[in-house]
Amino acid sequence: SQQGEEDPQALSIQEGENATMNCSYKTSINNLQWYRQNSGRGLVHLILIRSNEREKHSGRLRVTLDTSKKSSSLLITASRAADTASYFCATVLISGSRLTFGEGTQLTVNP
Amino acid sequence: EAGVVQSPRYKIIEKKQPVAFWCNPISGHNTLYWYLQNLGQGPELLIRYENEEAVDDSQLPKDRFSAERLKGVDSTLKIQPAELGDSAVYLCASSDPGTTQETQYFGPGTRLLVL
């Protein structure tokens with residue numbers, strides 16, 4: 001079963017705009033991770049945020065985590081056509097080490 | 001540094017035939033994972049190895065799926081016999097407990113089509 005659920009399922013924006021994707025989960029986590037998958041490729045790790053952290057930045061990426069709401073968001077600023085991909089959140093539970101993925105958000109950045 | 005290598009990249013077989021996928025993880029990564037990814041969905045773990053030991057295989061359909069990692073490096077995932085519903089992408093990933101086991105590095109996947 002999927003632990004994380006992404007919202008929206010699909011997002012289409014213009015180059016230069018910001019893209020925000022959300023992830024909700026059900027069970028208390030040790031950490032939450034975001035991965036990117038280009039069409040026909042494997043997943044690439046973007047960023048990891050631990051349960052005691054509220055916000056992390058990496059380049060044009062900003063991730064927030066609200067453990068009280070069991071939700072996270074991924075913000076991509078100043079988007080580029082090359083950011084077109086599927087973005088997945090994945091959680092690691094406090095009680096385990098398995099990485100459980102959501103169904104992903106398909107982001108399309110139009111040039 | 002070479003990434004996770006998988007072969008073949010694509011495989012088309014008829015149902016009831018056997019099929020095998022091969023994975024070579026990043027050098028030094030003791031942990032190896034096999035995932036199944038259906039179209040439009042996130043990956044789902046099939047099996048996790050710590051060195052040559054399968055430590056999490058609870059989601060592996062053992063009636064038709066098998067995996068091995070004999071020397072704790074390369075791994076093979078086999079399906080016998082394949083069914084139509086097995087059409088999916090099979091992803092291999094590895095991680096290094098010496099640095100951060102939580103970050104997984106994925107290969108490009110093997111896209112399987114069962115006819």
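Residues numbered from 1 in each chain as written. Chains lettered and ligands numbered in written order. Predicted model: local features only at pLDDT ≥ 70, side-chain atom pairs only at ≥ 80, totals over all residues. Heavy atoms only, no water.

## A few points about the pattern of salt bridges
Scanning the model with the defined rule gives seven salt bridges over all chains in all. As a salt-bridge pair, Arg-98 of chain A and Asp-56 of chain B come within 2.8 Å of each other at their nearest N and O atoms. Here the residue Arg-98 of chain A occupies a position in the loop between strand 9 (85-93) and strand 10 (99-101), and Asp-56 of chain B occupies one in strand 6 (residues 53-56), the pair thus bridging two chains. A relative accessible area of 27% means that Arg-98 of chain A is categorised as partly exposed. Linking Lys-62 of chain B and Asp-57 of chain B is a salt bridge whose minimum nitrogen-to-oxygen distance equals 3.8 Å. By relative accessible area, Asp-57 of chain B is classed as partly exposed at 28%. (Salt bridge = Lys/Arg side-chain N within 4 Å of Asp/Glu carboxyl O. Helix = DSSP H or I, 4+ residues; strand = E, 2+ residues; numbered from the N terminus. Buried < 20%, exposed > 50% of the residue type's maximum accessible area, 1.4 Å probe, protein only.)

## Overview of the state of the cysteines
Residue and element names in this part refer to chain A. Throughout the structure, instances matching the rule amount to two disulfides over all chains. Disulfide partner of Cys-23: Cys-89, at an S-S distance of 2.0 Å. Looking down the S-S bond of the Cys-23 and Cys-89 bridge, the torsion is 65 degrees, so its handedness is right-handed. Highlighted residues: Cys-23 in strand 3 (residues 19-24) and Cys-89 in strand 9, separated in sequence by 66 residues. Neither residue differs from the other here; Cys-23 and Cys-89 are each classed as buried. (Disulfide = S-S within 2.5 Å.)

## Side note on the interface of chain A and chain B
Every contact between the two is made by 20 residues of chain A and, on the other side, 21 residues of chain B. Between chain A and chain B, the buried area comes to about 1,500 Å², and carbon and sulfur atoms account for 43% of it. Among the residues of chain A in contact with chain B, Leu-43, Arg-98 and Phe-101 of chain A are the three that bury the most area, contributing 31% of the side total. Summed over the shared surface of chain A and chain B, the number is one salt bridge. Seen at the junction of chain A and chain B, the total is six residue pairs in polar contact (both at pLDDT 80 or more). Listed by contribution, the elements that provide at least two residues to the side of chain A that touches chain B are strand 4 (29-37), strand 5 (43-50) and strand 10 of chain A. Per-element tally for the side of chain A that touches chain B: the top contributor is strand 4 of chain A, with five residues. Here the residues of the side of chain A that touches chain B sort into six nonpolar, 10 polar and four charged. (Contact = heavy atoms within 4.5 Å. Buried area = accessible area lost by both parts, 1.4 Å probe. Polar contact = N/O pair within 3.5 Å; in protein donor to acceptor, adjacent residues only side chain to side chain. Nonpolar A, V, L, I, M, F, W, Y, C, P; charged D, E, K, R; others polar.)

## Observations regarding the sheet that holds strand 1 (residues 5-7) of chain A
Residue and element names in this part refer to chain A. The strand order across the open sheet formed by five strands is 1-3-8-7-6, and the pairing between neighbours is antiparallel. The open sheet is flanked by strand 1 and strand 6 (55-58), the only strands paired with a single partner. This sheet shows a mean twist of 20 degrees between the axes of neighbouring strands, independent of strand direction. Note: strand 6 against strand 7 (residues 61-66), four bridges, orientation antiparallel. Paired with His-57 across the strands is Arg-62, a residue of strand 7. (Pairing = 2+ DSSP bridges. Axes fitted to C-alpha atoms, helices over the stretch in contact; angles between N-to-C directions.)

## Digging into the sheet that holds strand 7 (residues 65-68) of chain B
Residues and elements named next belong to chain B. Spatially, 1-3-8-7 is the arrangement adopted by the four strands of the open sheet, whose pairing is antiparallel. The strands lining the two open edges of the sheet, one partner per strand, are strand 1 (5-7) and strand 7. Strand-to-strand, the axes of this sheet are offset by a mean angle of 15 degrees, without reference to chain direction. The sheet contact formed by strand 7 and strand 8 (residues 75-79) spans four bridges and is antiparallel. By the bridge assignment for strand 8, Phe-65 is matched with Ile-79.

## A word on the confidence of the model for chain A
With 97% of its residues at a pLDDT of 70 or more, chain A has an overall mean of 92. Taking the mean pLDDT of every element in chain A, the minimum, 85, falls on strand 1 of chain A and the maximum, 98, on strand 7 of chain A. (pLDDT = per-residue confidence, 0-100.)

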